[in-house]
Amino acid sequence: MQSIKELFKIGNGPSSSHTMGPKNATLIFNERYKQADYVKVILYGSFALTGKGHLTDQIIDKTLIAKHDIEFDYLDVPPHPNTVDYIAYKENKEIGKLRVFSIGGGCIRIDGEEVDSKKDIYPLNTLFDIKEYCVKNRISLSDYVYSIEDDNFRDYLEHILDVMLSGIERGLNVEGTLPGLLKINRKAKMLYDKHVDETNDERDIRHLYAYAYATSEENASGGEIVTAPTCGSCGVMPAVIRYSMEHDNISRKTVIDGLAVAGLIGNLVKKNASISGAEAGCQAEVGTACAMASAYYACVKGANIDHIDQSAEIALEHHLGLTCDPIMGYVQIPCVERNAVAAIRAINAYNLASLLNSSDSKISFDLVVKTMLETGHDLTSNYRETSLGGLAKNYKGEF
Ligand code: SF4
């Protein structure tokens, strides 16, 4: 597994696969083909079908230095659901081509090039093995992470936390509509300010929803967020973190330990399955975010290593089969609301796990991760970020 720094990335929404990945790909193309005077860009698969709603063409247009045209190929079936070709020309002659796959969380792979295995810094790649190592060496999961990552890793997580919390603040202070044709009203501020007769616990849950909306609405508006593990699912972790700080008085130092554990859980999914909605549906994005947030909450509540495993397992297991069907390709419906639902499910998954005897559990987190990938591959492409099925197909409201 790579560093958790490759998972928690700071960038602009609305989509890690559709905006952050293509931006990185275009920067590499600019560097390699400085001599090109014209570029033809072809978007395939999910990039073609939901690229406009996800602003893929806009980010390439903004980043590509040479004169260019962008085409959408809806018919060819690419080797990866998020594929883009850059064909470079000089004086009307083709001088080279770059085919890039956006594999989730803003990461890319260049066709025909070896993956840089030097970046793999974790020797253990299953939660089972990591737990065994931790028990044997009498260390916590967060200590395990710190023992692998570099010296400034805690500072990195401090910065990640600041960006997450400021995203919530910005989102809570904006009203109006989200960009795009759906004209959806932003709801975070309304959810936060709403005056209802409620207990303190009920108020804290309402605020949890507001925090998830705030970050997700920022993402949908192109604001700065942290991929956790992706842009579309970026609202879950910040919401659960701020909830824990307010509801449970969790200190900043403990939050950082929890973030390290959440990152480890997300990294395991990224390594052994997928965090890409185009590859495995929304279970890979919001399902993974829910598992990360549940592991985070278990960690900061002082749960033992088995209960952290079980919290993440319950959270992901009950997202199995969750489809990706964003209306018109916008990361708005069902995405924003789904982040709020996943935030409360993360807390509930921990609450349930804490009541159960973990030695009775027959299903491990590793097994659910494997199952999630198989389930994702069994989903037809209509339910993997193409907007050809589900809500995207059946919604007949006004555009
Ligand atoms: S439905 Fe889920 S996976 Fe699909 S775009 Fe929305 S958040 Fe991402």
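Here is what the cut-offs are and how they apply
Think of each chain on its own: its residues are numbered from 1, step by step along the sequence as written. Per-residue local features of the predicted model are confined to residues with pLDDT of at least 70, and side-chain atom pairs are confined, for both listing and counting, to 80 or more; whole-chain, interface and lining totals are unaffected and use all residues. Domain limits in this description derive from either an automatic procedure or a database domain assignment. Think of it this way: build a C-beta for each residue from its backbone, and any pair within 7 Å is a contact. Segments assigned H or I by DSSP are reported as helices when at least four residues long, segments assigned E as strands when at least two residues long, and all are numbered from the N terminus. Residues were grouped as follows: Ala, Val, Leu, Ile, Met, Phe, Trp, Tyr, Cys and Pro as nonpolar; Asp, Glu, Lys and Arg as charged; and all remaining residues, including Gly, as polar. Think of it this way: take the backbone, place a C-beta atom on it, and check whether that atom is within 6 Å of the molecule or strand, in which case the residue is near it. Counting other C-beta atoms within 10 Å of a residue's C-beta gives its exposure: the residue is buried at 20 or more, exposed at 12 or fewer, and partly exposed in between, where C-beta atoms are placed from the backbone. When we speak of the arc, we mean the arc of directions from the helix axis to the C-beta atoms. Defined on buried residues, the nonpolar core groups Ala, Val, Leu, Ile, Met, Phe, Trp, Tyr and Cys residues joined through C-beta atoms within 7 Å. Helices are assigned an expected span. That span is 1.5 Å times one less than the residue count.

(A) Representation of the domain arrangement of the protein chain. With domains assigned, the protein chain is organised as domain 1 (13-108) and domain 2 (121-394). Put simply, the middle of domain 1 and the middle of domain 2, counted by C-alpha atoms, are 29 Å apart. Between domain 1 and domain 2, the contact holds 18 residues from the first and 30 residues from the second. Of all elements in the fold, only helix 1 (16-32), helix 2 (45-50) and strand 5 (93-104) reach the threshold of two or more residues within the side of domain 1 that touches domain 2. Partitioning the side of domain 1 that touches domain 2 into residue classes produces five nonpolar, 12 polar and one charged.

(B) How the structure looks around the site of the ligand. Near the ligand you find Gly232, Ser233, Gly277, Cys282, Glu285, Val286, Cys324, Pro326, Val331, Pro334, Cys335 and Glu385, and these make up its full shell. Class assignment of the residues belonging to the shell around the ligand gives a composition of seven nonpolar, three polar and two charged.

(C) Representation of helix 4 (residues 127-137) in the model. Those residues of helix 4 not exposed but buried are Leu127, Ile130 and Lys131. Along the axis of helix 4, the buried residues cluster in a sector spanning 100°; they form a single face. The outward face of helix 4, more than 90 degrees from its buried face, is lined by the exposed residues Asp129, Lys136 and Asn137. Buried residues in helix 4 make contact with helix 5 (141-148), helix 10 (252-272), helix 13 (305-317) and helix 15 (365-378). Positive backbone phi, approximately 50°, marks arginine 138, located one or two places after helix 4.

(D) Representation of the nonpolar core in the model. Counting residues in hydrophobic clusters, the biggest one holds 93 residues, and the most contacted among them are Val236, Met237, Val240, Ala293, Ala295, Tyr296 and Ala346. Looking at this core element by element, the count peaks at 12 residues for helix 12 (residues 286-300). Ignoring anything within four residues of it in the chain, the contact list for tyrosine 296 reads Met237, Val240, Ile241, Gly258, Leu259, Val261 and Ala262. Listed in part, the 23 residues of the second largest apolar core include Ala36, Leu43, Tyr86 and Cys107.

(E) Main features of helix 12. Between its first and last C-alpha atoms helix 12 spans 21 Å; for 15 residues at 1.5 Å apiece the expected length is 21 Å, and the two agree. Judged by how many residues are buried, helix 12 sits mostly within the fold: 15 of 15 residues are covered. With its phi angle positive at about 85°, glycine 302 sits one or two positions after the end of helix 12.

(F) Broad picture of unusual backbone geometry. A cis amide bond links alanine 228 with the next residue in sequence, proline 229, at an omega value of 5°. Topologically, proline 229 is positioned in the loop between strand 7 (224-226) and helix 9 (236-247). For lysine 183, which is not glycine, the phi dihedral falls at a positive 55°. Of note, lysine 183 is situated in the loop between helix 6 (153-172) and helix 7 (188-193). Residue asparagine 249 is not a glycine yet carries a positive backbone phi of 55°. Looking at the element boundaries, asparagine 249 is found in the loop between helix 9 and helix 10.

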